[in-house]
Amino acid sequence: MKKIIIAIDGYSSCGKSTLAKALGKVLGYAYIDTGAMYRAVTYYFLEHEISVDDELAVRNALPLINIHFESSENGNQTFLNGKNVETEIRQMRVSNYVSPVAAVSAVRKAMVEQQQMMGKQKGIVMDGRDIGTVVFPAAELKIFLTAEPEIRTQRRYDEYLHKGTTVDFEVIKTNLLERDHIDSTRSDSPLKKAENAIVIDNSYLSPTEQLEIVLDLAREKIQSLAPPSKS
Ligand code: DC
């Protein structure tokens, strides 16, 4: 069976990872959360007090940052230089600083190189902001997810609540909208829909409904690439 690359891009907290993870599981594909990579870099910068304006410090730090993923019963875990930082990278202080970090070209270059290596063998679902436009412009299937801001905020709010953290609804909403603004207006690889991406507004779709839609699209694509059977 021919393996493909599935790129899932879209706005903050619109369910990209949930969809990408489920797709990877059903298709037996690797799943890569590229947002977690930018978050891990941000966490490193915060811990080492590296400012995005200090070009030299950023350049010196990047080769020292090693990110890998491991799957566990609690889902995909992000490791930074061998330490599990999954909890730390989801904290608000990282969310508040990640967009300026992700706008630095040297950071993007380092992450994109690693992401392209990860997808070399195909059979991968990758979610992010520039996967269909920059990382894998030739991806066989590109999805662009959107959802109404109130609904995205509610989902993120519920996630925090589920983890036992209370964060003000308006604070989350401001953070999401600010990140979307910075991500969409930065000069290097801005968040935008790839021309040939399929847009799905999932405001009123359940995770199962989204999975069904995208699985159908993926299977159709895989089928269309299969060599004709000899009869
Ligand atoms: O998906 P997320 O919210 O965890 O992503 C965190 C930030 O990383 C997001 O604000 C934008 C940035 N990002 C990016 O610039 N490019 C990607 N491919 C993935 C994430």
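Computed from a predicted structure; not experimentally measured.

Trainee: I'd love a proper account of the layout of surface pockets, names of residues and values included.
Mentor: A water-sized probe rolled over the atoms picks out the places where empty space is left. Reported here for the largest pocket is a volume of approximately 1,300 Å³. Along the wall of the largest pocket there are 50 residues; nearest its centre are S17, D33, R90, R156 and E159. With 6 residues, the single largest contributor to the lining of the largest pocket is helix 1 (residues 16-27). Considering only residue class, the lining of the largest pocket consists of 14 nonpolar, 19 polar and 17 charged.

Trainee: I'd like a rundown of the site of the ligand, residues and numbers included.
Mentor: Contacts to the ligand come from 15 residues, most closely from R39, R108, D130, R179 and R186. In this structure, R39 approaches the ligand through a side-chain N or O atom, which is 2.7 Å from an oxygen atom. The side chain of R129 places a nitrogen or oxygen atom 2.9 Å from an oxygen atom of the ligand. Protein contact buries 97% of the 450 Å² of open area that the ligand shows by itself. Taking a 2 Å distance to the grid points as the criterion, the majority of the atoms of the ligand fall inside the largest pocket. Only helix 2 (34-47), helix 4 (92-102) and helix 8 (169-185) provide two or more residues apiece to the shell around the ligand. The element contributing the most residues to the shell around the ligand is helix 2, with 4 residues. The residue inventory of the shell around the ligand, partitioned by class, reads 4 nonpolar, 4 polar and 7 charged.

Trainee: Residue-level account of the nonpolar core, with values.
Mentor: Formed by 36 residues in total, the largest nonpolar core has its most connected members in V41, F45, I65, I67, V107 and M111. Elements with a contribution of two residues or more to this core: strand 1 (5-10), helix 2, helix 3 (55-61), strand 3 (67-72), helix 4, helix 5 (105-118), strand 6 (124-128) and helix 6 (131-135). For F45, the contacting residues outside a window of four places in its chain are I50, V52, V58, A61, I65, Y97, V101 and V107. Ranked by size, the runner-up nonpolar core spans 21 residues in total, among them L27, Y31, L141 and L215.

About the cut-offs
Residues numbered from 1 in each chain as written. Predicted model: local features only at pLDDT ≥ 70, side-chain atom pairs only at ≥ 80, totals over all residues. Heavy atoms only, no water. 1 Å grid on protein atoms, 1.4 Å probe; cavity = no way out; pocket = protein on both sides within 12 Å on 5 of 7 lines; lining within 4 Å. Points joined across faces, edges and corners; volume = space filled by probe spheres on them. Helix = DSSP H or I, 4+ residues; strand = E, 2+ residues; numbered from the N terminus. Nonpolar A, V, L, I, M, F, W, Y, C, P; charged D, E, K, R; others polar. Near = heavy atom within 4 Å. Polar contact = N/O pair within 3.5 Å; in protein donor to acceptor, adjacent residues only side chain to side chain. Areas by Shrake-Rupley, 256 points an atom, 1.4 Å probe, with all protein chains shown as cover. Sits in = over half its atoms within 2 Å of the grid points. Core = buried A, V, L, I, M, F, W, Y, C linked by side-chain atoms within 4.5 Å. Buried < 20%, exposed > 50% of the residue type's maximum accessible area, 1.4 Å probe, protein only. Contact = heavy atoms within 4.5 Å.

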